[in-house]
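Structural features, examined
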Amino acid sequence: MASSETVCCICALFFGGIFCTLIWTATAKHTFQIDYENNCFKKDGESFRYISGSIHYSRVPRYYWKDRILKMYMLGLNAVHTYVPWNFHEVMPKKFVFDGDKDLEHFLQLANSTGLLVILRPGPFIDAEWDMGGLPAWILKKSNVVLRSSDPDYLAAVDQWMNVLLPKIRPFLYNNGGPIISLQLEDEYGSYFACDYDYLRHLVKLFRYHLGDEVILFSTDASSIHAVKCGTVDGLYATVDFGPTENITACFEVQRHFEPKGPLVNSELYTGWLDHWGEKHQVVATSIVTKALDTVLGLGANVNLYMLIGGTDFGYWNGANTPYAAQPTSYDYDAPLSEAGDLTDKYFAIRDVIRKYKKVPYGPIPPSVPKFAYGPVPLKKLHILSEMLDVLCPSGPVKSVYPLNFVQLNQYFGFVLYRTLLPKDCSSPTSLASPLNGVHDRAYITVDGVPQGVLERDKVLSINITGKSGATLDILVENQGRVNFGKYINDFKGLVTNLTLGKDLLTGWTMYPLRIDDAVGQGLKEKSHKSFLSSTSSTFSAPAFYIGSFDIPSGIPDLPQDTFINFPGWTKGQIWINGFNLGRYWPARGPQITLYVPRHILSTSAPNNITVLELEKSPCDVKPCVVEFVDTPVLNATVSNIFPGRKLFAGGH
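Residues numbered from 1 in each chain as written. Predicted model: local features only at pLDDT ≥ 70, side-chain atom pairs only at ≥ 80, totals over all residues. Heavy atoms only, no water.

Focus: the overall build of the chain
Which entries qualify depends on this criterion: Labels follow the DSSP assignment, with helices taken as runs of H or I lasting at least four residues and strands as runs of E lasting at least two, numbered in each case from the N terminus. What the globule rule says is 2.2 Å times the number of residues to the power 0.38, and the radius of gyration is computed from C-alpha atoms. Working rule for contacts: check all heavy atoms of both residues, and any pair within 4.5 Å makes them a contact. Each accessible area is a Shrake-Rupley estimate made with a 1.4 Å probe; only the visible protein chains count as cover when residues are assessed. Charge assignment in this entry is limited to Lys and Arg as positive and Asp and Glu as negative, and neither His nor the chain termini are counted. Charge positions come from single atoms, namely NZ of Lys, CZ of Arg, CG of Asp or CD of Glu.
For the chain, the helix and strand inventory stands at 13 helices and 34 strands. Taking 2.2 N^0.38 as the reference for a compact globule, 653 residues should give roughly 26 Å; the C-alpha atoms of the chain span a radius of gyration of 26 Å, in line with that estimate. When the backbone C-alpha atoms are referred to their principal axes, the chain occupies close to 90 × 60 × 55 Å. For the chain, the proportion of contacts with a sequence separation of at least 24, taken over those separated by at least 6, is 79%. Entry remark: accessible area of the chain is about 25100 Å², with carbon and sulfur atoms responsible for 54%. Within the chain, one finds 58 positive and 63 negative side-chain charges whose respective centroids are separated by 1 Å.

Following this line, the structure appears as structure tokens:
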């Protein structure tokens, strides 16, 4: 008796041979399996080894996905790794977004059409130096929830998310004709304190329910016995990750302790490393990376290069580590493809190693994308932030005896302005303090519009302020990114404990959750009156908005082009171009000085509008009030290392 595929093909012949071919292709069976006897993977019955690279679609604009994926293919890779950040798709509960830059299915289609397989890492926790490791902040509505555990409230949220995500993924599985050959559950779970096997078993059951029994599910952990022991359960194939300076044989021996048979896999061989504000830019020598890659491939192992391209934490998406140190906007990672997708010497050196073990594609490699220096753009001061609360907080303030945190205010990113009145005369400098380190993460203080200074998590817990009894005390609190690794990922933002003034507890708070992105997108307008008096001191200025615009001529081939924006004389803040939130700038701390500006947000048919929120001190009172577009990034400005104890390849990725 003919198979169902044959019957479909014969029936289709009556309507034309082309249709017949399509039916056969769609129903042909693909397989991807672990061959325990021969210590390898098998793809369609043949031995297979993947050489993969990490790209995070959430850090690369959709406009450039094809360019980056094609460069990965031309490197000689046969697969890509990518994370699925839950909070990227479900910022608000039950409001799922999968279009534009969040169109995961389109990304998978591009990889497939380019000839690359996909190893998908859907979490629910992903680490990745991403805000809260990809977990949505609204989970913290139940303040005592135990994340990454079998806590019923956490699992209910996970199930709800996966019931949406996994059905979208199923058609892209390799056995269904798609590119996904395996999925990673969780991420380095063995490094988390919970060690909750019931949680991992729940995930395995959930994934099997939606995806079936054929797809490979695996875990990834640091290459230590303890980490892998707590990071995997039956039903997951255990893999390890390690840096290029580690003892590679010893690292794989850890995997062999848990998987005596089957393919060797390093799920993350680090090509570079992450940065933090206030630390030097991390660089890993090409020779170190290529030597390690050569060794791994020489052992017959499968490998994923983390990162192949790092990309950018646009908006507010960066994560942080502890002691609290936020990662910058650039996630360049010293990767083989730069933040802007440029080819590097490291890229070509890795290609030379790969060609020793497999054929690399023949033909031209897509070139680095051209950059253009549009030059300086004058800005003008629009308003201090506190004068625009009717626009920035259209729903009005929330009042409470004690301060509420961001989650309690339904404010998951950005800024909240906390306001109260001084309960006593402070003509002499008086201590404003957060004795329990409750400013998360950075607070900009003014009294009646006069800047007083900054409180900062783990660093500056008190400052002296002055003002009369009854004066308005404004505290603008910035969420600088949630912790993405370790046991402190339940990272509440805002004023999470009470503040004191001298010996008095401050009460009677009026809080303004600021919808700055919405207001910028609608266009900030100049009001009929301004009050810049007393808004500046010798060290600080009251947080304020600055605006400007520039034109790019139309009709000139290849314009607009990518660029980078520099901030001469500016201190710290946020910037938007044409309503697109580029991210945070902080040249006063470094190491990142310039921000990457992809061409697709620029226009030749209308003025390009720039909005800057400067939080501390602008140059505009004493120097030219400009930002400058340049054609070369600066990610490695010399700064004093405020965390000298940190080491490469330790903690998170």
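Quick look at the state of the cysteines
Note the threshold: Disulfides are defined as pairs of cysteine sulfur atoms found within 2.5 Å of each other. When accessible area is computed with a 1.4 Å probe and restricted to protein chains, residues below 20% of their type maximum are described as buried, those above 50% as exposed, and intermediate ones as partly exposed.
For the structure shown, the criterion picks out two disulfides. Each disulfide pairs two cysteine sulfurs, and for Cys 195 the partner residue is Cys 230, the sulfurs being separated by 2.0 Å. Taking the sign of the S-S torsion, -85° for the link of Cys 195 and Cys 230, the bridge is left-handed. Linking Cys 195 in the loop between strand S7 (180-185) and helix H7 (197-211) with Cys 230 in helix H8 (residues 225-231), this pair joins segments that are 35 residues apart in sequence. Residue Cys 195 is classed as partly exposed on the basis of its relative accessible area of 23%. Since its relative accessible area comes to 7%, Cys 230 is described here as buried. Disulfide pairing places Cys 620 opposite Cys 625 at an S-S distance of 2.0 Å. Taking the torsion about the sulfur-sulfur bond, which here is approximately 60°, the covalent link between Cys 620 and Cys 625 counts as right-handed.

A few points about empty space enclosed by the protein
Our working rule: The definitions used throughout rest on a 1 Å grid laid over the protein atoms alone, on which a cavity is an enclosed set of points accommodating a 1.4 Å probe that cannot get out and a pocket is an open set flanked by protein within 12 Å on both sides along at least five of seven lines; lining residues are those having an atom within 4 Å of a point. Grid points are joined across faces, edges and corners, and a volume is the space filled by probe spheres set on the points. Lys, Arg, Asp and Glu make up the charged group, whereas Ala, Val, Leu, Ile, Met, Phe, Trp, Tyr, Cys and Pro make up the nonpolar group; the residues left over, Gly among them, are polar.
Overall, the coordinates contain five cavities of 30 Å³ or more when judged by the stated rule. If you add up the space inside the largest cavity, you get close to 100 Å³. As for the largest cavity, its lining consists of Ile 384, Leu 385, Ser 386, Leu 417, Tyr 444, Thr 446, Gly 449, Asp 474, Leu 476, Ala 542 and Pro 543. Put simply, the parts of the chain that give the lining of the largest cavity at least two residues each are strand S20 (442-447) and strand S23 (472-478). Grouping the constituent residues of the lining of the largest cavity by class yields seven nonpolar, three polar and one charged.

Focus on the layout of surface pockets
Roughly 810 Å³ of volume is contained in the largest pocket. Around the largest pocket sit 31 residues that line it, and Val 91, Lys 102, Tyr 316, Trp 317 and Asp 517 are the ones nearest its centre. Those elements that provide at least two residues to the lining of the largest pocket are helix H13 (516-522) and strand S31 (580-585). Of the residues forming the lining of the largest pocket, the biggest block, three residues, is contributed by H13. A per-class count over the lining of the largest pocket returns 16 nonpolar, eight polar and seven charged.

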